[in-house]
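# Results of the structural survey
Letter by letter, the chains look like this.
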2 protein chains.
Amino acid sequence: NTVTFYWNIEALVLLLNFCRGLKMTISYAHMLQFSTSFLNGKLSFTSDNKGRRTHVLPFASLERPDKNIVVDPKVDSLLDSVKWDDKGLAVAIAQNVDTGAILMQGFANREAVFTTLSSRKATFFSRSRSTLWTKGETSNNFINIHDVFLDCDRDSIIYLGKPDGPTCHTGAETCYYTSVFDSLKQQEIEGNRLALTSLYSLESTISQRKAELAEEENGKPSWTKRLLLNDKLLCSKIREEANELCQTLENNEDKSRTASEMADVLYHAMVLLAVKDVKVEDVLQVLRQRFFQSGIEEKKSRVSKKSEQD
Amino acid sequence: NTVTFYWNIEALVLLLNFCRGLKMTISYAHMLQFSTSFLNGKLSFTSDNKGRRTHVLPFASLERPDKNIVVDPKVDSLLDSVKWDDKGLAVAIAQNVDTGAILMQGFANREAVFTTLSSRKATFFSRSRSTLWTKGETSNNFINIHDVFLDCDRDSIIYLGKPDGPTCHTGAETCYYTSVFDSLKQQEIEGNRLALTSLYSLESTISQRKAELAEEENGKPSWTKRLLLNDKLLCSKIREEANELCQTLENNEDKSRTASEMADVLYHAMVLLAVKDVKVEDVLQVLRQRFFQSGIEEKKSRVSKKSEQD
């Protein structure tokens, strides 16, 4: 889904004039960044599944900023309310809006938060390079902002967003792939297990079982493997567990029975997702698009099912 | 489930001797903390649903530390590998192992991480008070550690754990309840919407609809409200959607159909959870307890269903 363009100096001038036409501020730093990008000689246009262009430029600071944010006087007072430290920074944590995975943690100054709000791409302040940087400006793996949260002390920020691809510069989905307890247990520090919460640990276990199906095995296969290999068994279990979940309501069974049957439904349905190569994240994205709009998106993108389910 | 004890100086001496018997190091700082606790005049013993005592002392530093961690030479080299900043600190983010919610963010020094690993309670370094503090030492709302992750740069830490109760000192579930976009939209900054990821936003919407059921309403009720009021309709939809999910496998439909049908199953099942007052977090806890053990827990707690589903 990525189209890459190569260009020459005329195209560059044209583009800069276009940006000026949009009344955008292009600082010297941005020019330098642009030059680097120019020297790299490519610019990627990425489109999503539906063919909509999502990124036109590889760095957010040159994107068209949100006019409402730029002119809103409340933005200033809100940024004033943040308790910046003695270096003018606050901790900024990027989190996946669908899975809850903590993608990365950096620091943000006032300008970085402003840029994040107006460009809707997670933007940080690099302490080592003393510059703003928008995650994705070189990798194209932007983190598209859905909301920004401040903590009770107003010195810590969550960038809640949807990543375009792996966040870590190593190519890992998130930067947190080194478990301390794993490291202590093993002779060598492997560092290859992501910090996953319960639902995604289960997803990972199921897909591991799926990967192991090809391997020679001694003894009885696990229940998950039997389900993965037998569509009829799997579907009969899903229908059975959904029925049992309903019965906890119909027969007025206690809450722990409901939680347990719902766990059964989830587990078996997740095995079906694995068979079909569908990620839990994709399902949550469908739910989000049906039910919610972030404060910054238009209502028009709601799908038709929405009206049935709000 | 909380029993509170009041005590006198004899009990204090007895307790200190008991701790010495456990070969625990009680520093002057800990003594001071203890004195404060003593002046408060109470000590809480909290038990979980199954009647097991979970907290014996209101601060982790006096708990019996994990011997394996204390004597393991690998812990030292692991702590050496963390890139502590010029103040000897790294960012520490506490995350709910089941929901993925970011609970709070603080800073940790070497001793704080060591205490977290050995006590299994999220422990930070307070920059304002220049002391270690274990979240929960005054509120009893500890964050029970399941795993600890380092990021690729080794200067940022995730404390993945299960909170005993609300983490924020305000009583909010997490410290992140101020949406910047909400604040900009409203005249007044309300600050009462938690940073929720998709699944929990949906849960929150459903429970809001449930709360609104009592209210007078004009016009047609939403689909969610109709489901909440009609068990028969709800159960028939859950069975229907589970069936349709299975059909995407049986009829070899495409992946987007599977994701969409799974979203339907999840949504309708979550309405049933709301009717039964069961939280998604409780369901995920059941799944976690069936499928996983953190590196620090004994295998024996696995429930009987486990053998069927690994």
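Residues numbered from 1 in each chain as written. Chains lettered and ligands numbered in written order. Predicted model: local features only at pLDDT ≥ 70, side-chain atom pairs only at ≥ 80, totals over all residues. Heavy atoms only, no water.

The secondary structure content of chain A amounts to 11 helices and 10 strands. Taken over 310 residues, chain A has a buried fraction of 53%. Within chain A, contacts between residues at least 6 apart in sequence are counted, and of these 53% link residues at least 24 apart. Surface summary for chain A: the accessible area is close to 15000 Å², and the carbon and sulfur share equals 50%. (Helix = DSSP H or I, 4+ residues; strand = E, 2+ residues; numbered from the N terminus. Buried < 20%, exposed > 50% of the residue type's maximum accessible area, 1.4 Å probe, protein only. Contact = heavy atoms within 4.5 Å. Areas by Shrake-Rupley, 256 points an atom, 1.4 Å probe, with all protein chains shown as cover.)

What follows deals with the pairing of strand 7 (residues 131-134) of chain A. Residue and element names in this part refer to chain A. The two faces of strand 7 differ: Leu132 and Thr134 on one face are buried, but Thr131 and Trp133 on the other face are not. In terms of strand pairing, strand 6 (residues 123-126) meets strand 7 through 4 bridges, oriented antiparallel. Considered in strand 7, the bridge of Phe124 is made with Trp133. The turn joining strand 6 and strand 7, which pair antiparallel and follow one another in sequence, is formed by 4 residues; a positive phi near 50 degrees is taken by Ser130. (Pairing = 2+ DSSP bridges.)

Attention now moves to the relation of the copies chain A and chain B. Two copies of one chain are present, and they are related through a rotation about an axis combined with an axial shift. After a rotation of 180 degrees and a shift along the axis of 0.0 Å, chain A superposes on chain B with an RMSD of 0.0 Å. What the superposition gives is, in effect, a two-fold axis relating one chain to the other. Residue Gly100 of chain A of chain A places its C-alpha closer to the rotation axis than any other residue of that unit, at 2.4 Å. By residue overlap, the copies meet face to face through one surface: 100% of the interface positions of chain A are interface positions in chain B. (Least-squares fit on C-alpha atoms with pLDDT ≥ 70 in both.)

Now for empty space enclosed by the protein. As enumerated under the stated definition, the model contains 5 cavities of 30 Å³ or more in all. Approximately 120 Å³ is the volume found for the largest cavity. In terms of lining, the largest cavity is formed by 16 residues, of which the most central are Leu199, Leu266 and Val280 of chain A together with Leu199 and Leu266 of chain B. When contributions to the lining of the largest cavity are tallied by element, the ones reaching two or more residues are helix 10 (255-275) and helix 11 (280-291) of chain A together with helix 10 (255-275) and helix 11 (280-291) of chain B. When grouped by side-chain class, the residues that make up the lining of the largest cavity number 16 nonpolar, no polar and no charged. Here the second largest cavity is characterised by a volume of approximately 60 Å³. Taken together, Asp98, Thr99, Thr197, Leu199, Tyr200 and Leu284 of chain A together with Asp98, Thr99, Thr197, Leu199, Tyr200 and Leu284 of chain B form the lining of the second largest cavity. (1 Å grid on protein atoms, 1.4 Å probe; cavity = no way out; pocket = protein on both sides within 12 Å on 5 of 7 lines; lining within 4 Å. Points joined across faces, edges and corners; volume = space filled by probe spheres on them. Nonpolar A, V, L, I, M, F, W, Y, C, P; charged D, E, K, R; others polar.)

Attention now goes to the sheet that holds strand 5 (residues 102-108) of chain B. The mixed open sheet is built from 5 strands, whose spatial order is 10(A)-8(B)-9(B)-4(B)-5(B). The strands lining the two open edges of the sheet, one partner per strand, are strand 10 (176-179) of chain A together with strand 5 of chain B. Recorded for the sheet is a direction-independent mean angle of 35 degrees between the axes of neighbouring strands. Pairing of strand 8 (residues 143-151) of chain B with strand 9 (residues 156-163) of chain B involves 7 bridges; the strand directions are antiparallel. By the bridge assignment, Phe149 of chain B is partnered in strand 9 of chain B with Ile158 of chain B. (Axes fitted to C-alpha atoms, helices over the stretch in contact; angles between N-to-C directions.)

A cluster of basic side chains, namely Lys87 and Arg127 of chain A together with Lys87 and Arg127 of chain B, defines a positive patch on the protein surface. Looking at where Lys87 of chain A falls in the secondary structure, it is placed in the loop between helix 4 (73-80) and strand 4 (90-96). (Patch = residues over 30% accessible without salt bridge, like charges linked within 9 Å, V, L, I, M, F, W, Y side chains within 5 Å. Salt bridge = Lys/Arg side-chain N within 4 Å of Asp/Glu carboxyl O. Lys, Arg positive; Asp, Glu negative; His and termini not counted. Charge placed at Lys NZ, Arg CZ, Asp CG, Glu CD.)

Moving on, we come to the packing of aromatic side chains. Describing an aromatic ring pair means giving the distance of the ring centres and the angle of the ring planes. This structure, assessed with the given rule, holds 6 aromatic pairs over all chains. Taken together, a centroid distance of 5.1 Å and an interplanar angle of 35 degrees make the contact between Tyr267 of chain A and Phe291 of chain B tilted. Of this pair, Tyr267 of chain A sits in helix 10 while Phe291 of chain B sits in helix 11, each in a different chain. The pair formed by Tyr267 of chain A and Phe291 of chain B is uniform in burial state, with each residue classed as buried. Site record: aromatic cluster; members linked through ring pairs are Phe124, Trp133 and Tyr159 of chain A. Across from the ring centre of Phe142 of chain B, 5.1 Å away, lies the NZ or CZ of Lys121 of chain B, which sits over that ring. (Phe/Tyr/Trp six-rings, centres within 6.5 Å; stacked < 30°, edge-to-face > 60°. Lys NZ or Arg CZ within 6 Å of the ring centre and 35° of its normal.)

We now examine the nonpolar core. Counting 81 residues, the largest nonpolar core has Val148, Tyr159 and Tyr176 of chain A together with Val148, Tyr159 and Tyr176 of chain B as its most contacted members. Formed by 66 residues, the second largest nonpolar core is a distinct cluster that contains Val265 of chain A together with Leu202, Tyr267 and Ala269 of chain B. (Core = buried A, V, L, I, M, F, W, Y, C linked by side-chain atoms within 4.5 Å.)

Moving on, we come to the sheet that holds strand 9 (residues 156-163) of chain A. Strand order in the open sheet formed by 5 strands is 5(A)-4(A)-9(A)-8(A)-10(B), and the pairing between neighbours is mixed. With partners counted over all chains shown, the strands left at the sheet margins are strand 5 (102-108) of chain A together with strand 10 (176-179) of chain B, one partner each. Taking the axes of each pair of neighbouring strands and ignoring which way they run, one obtains an average angle of 35 degrees across the sheet. Bridge count for strand 4 of chain A against strand 5 of chain A is 6 bridges, and the pairing is antiparallel. Residue pairing across strands places Val91 of chain A opposite Phe107 of chain A, the latter belonging to strand 5 of chain A.

This part is about the state of the cysteines. Taken as a whole and assessed by the stated rule, the structure comprises 0 disulfides over all chains. No disulfide involves Cys175 of chain B; its sulfur sits 3.7 Å from the nearest other cysteine sulfur, which is in Cys152 of chain A. We classify Cys175 of chain B as buried; its relative accessible area is 8%. No disulfide involves Cys235 of chain B; its sulfur sits 4.0 Å from the nearest other cysteine sulfur, which is in Cys246 of chain A. Owing to a relative accessible area of 0%, Cys235 of chain B belongs among the buried residues under this scheme. (Disulfide = S-S within 2.5 Å.)

Our next topic: helix 7 (residues 198-212) of chain B. Taking 1.5 Å of rise per residue, the 15 residues of helix 7 of chain B would be expected to cover 21 Å, and the 21 Å separating its terminal C-alpha atoms lies within 8% of that figure. For helix 7 of chain B, the complete set of buried residues consists of Ser198, Leu199, Tyr200, Ser201, Leu202, Glu203, Thr205, Ile206, Arg209 and Glu212 of chain B. (Expected span 1.5 Å × (residues − 1).)

All right, on to the environment of Arg110 of chain A then. Residues and elements named next belong to chain A. Checked against the element boundaries, Arg110 lands in helix 5 (residues 110-119). Relative accessible area serves as the criterion here: at 30%, Arg110 is assigned to the partly exposed category. Residues Arg110 and Trp84, 26 residues apart in the sequence, show an inter-C-alpha distance of 8.1 Å. Filtering out sequence-adjacent residues up to four positions away, Arg110 remains in contact with Asp76, Leu79, Asp80, Trp84 and Gly88. A distance of 2.7 Å separates the side chain of Arg110 from the side chain of Asp80, its partner in a polar contact. (Polar contact = N/O pair within 3.5 Å; in protein donor to acceptor, adjacent residues only side chain to side chain.)

This paragraph deals with the pairing of strand 9 of chain B. Residue and element names in this part refer to chain B. Among the 8 residues in strand 9, 8 count as buried, and that is most of the element. Going residue by residue along strand 9, you find Ser156, Ile158, Leu160 and Lys162 tucked away on one face and Ile157, Tyr159, Gly161 and Pro163 tucked away on the opposite face as well. Bridge analysis of strand 4 (residues 90-96) against strand 9 gives 6 bridges, and the strand direction is parallel. Looking at the pairing, Val91 lines up with Ser156 of strand 9.

With that settled, the discussion passes to the interface of chain A and chain B. Contacts between chain A and chain B engage 110 residues on the former and 110 residues on the latter. Interface area, chain A with chain B, both sides summed: about 9400 Å², of which 68% is carbon and sulfur. Inspection of the chain A/chain B interface yields 6 salt bridges. Of the charged contacts in the structure, one is a salt bridge between Arg193 of chain A and Asp147 of chain B, with a shortest N-O distance of 2.5 Å. Of the residues belonging to the side of chain A that touches chain B, the class tally is 57 nonpolar, 26 polar and 27 charged. With 3 bridges connecting them, strand 8 (residues 143-151) of chain A and strand 10 of chain B associate as antiparallel partners. Counterpart to Leu150 of chain A in the pairing with strand 10 of chain B is Thr178 of chain B. (Buried area = accessible area lost by both parts, 1.4 Å probe.)

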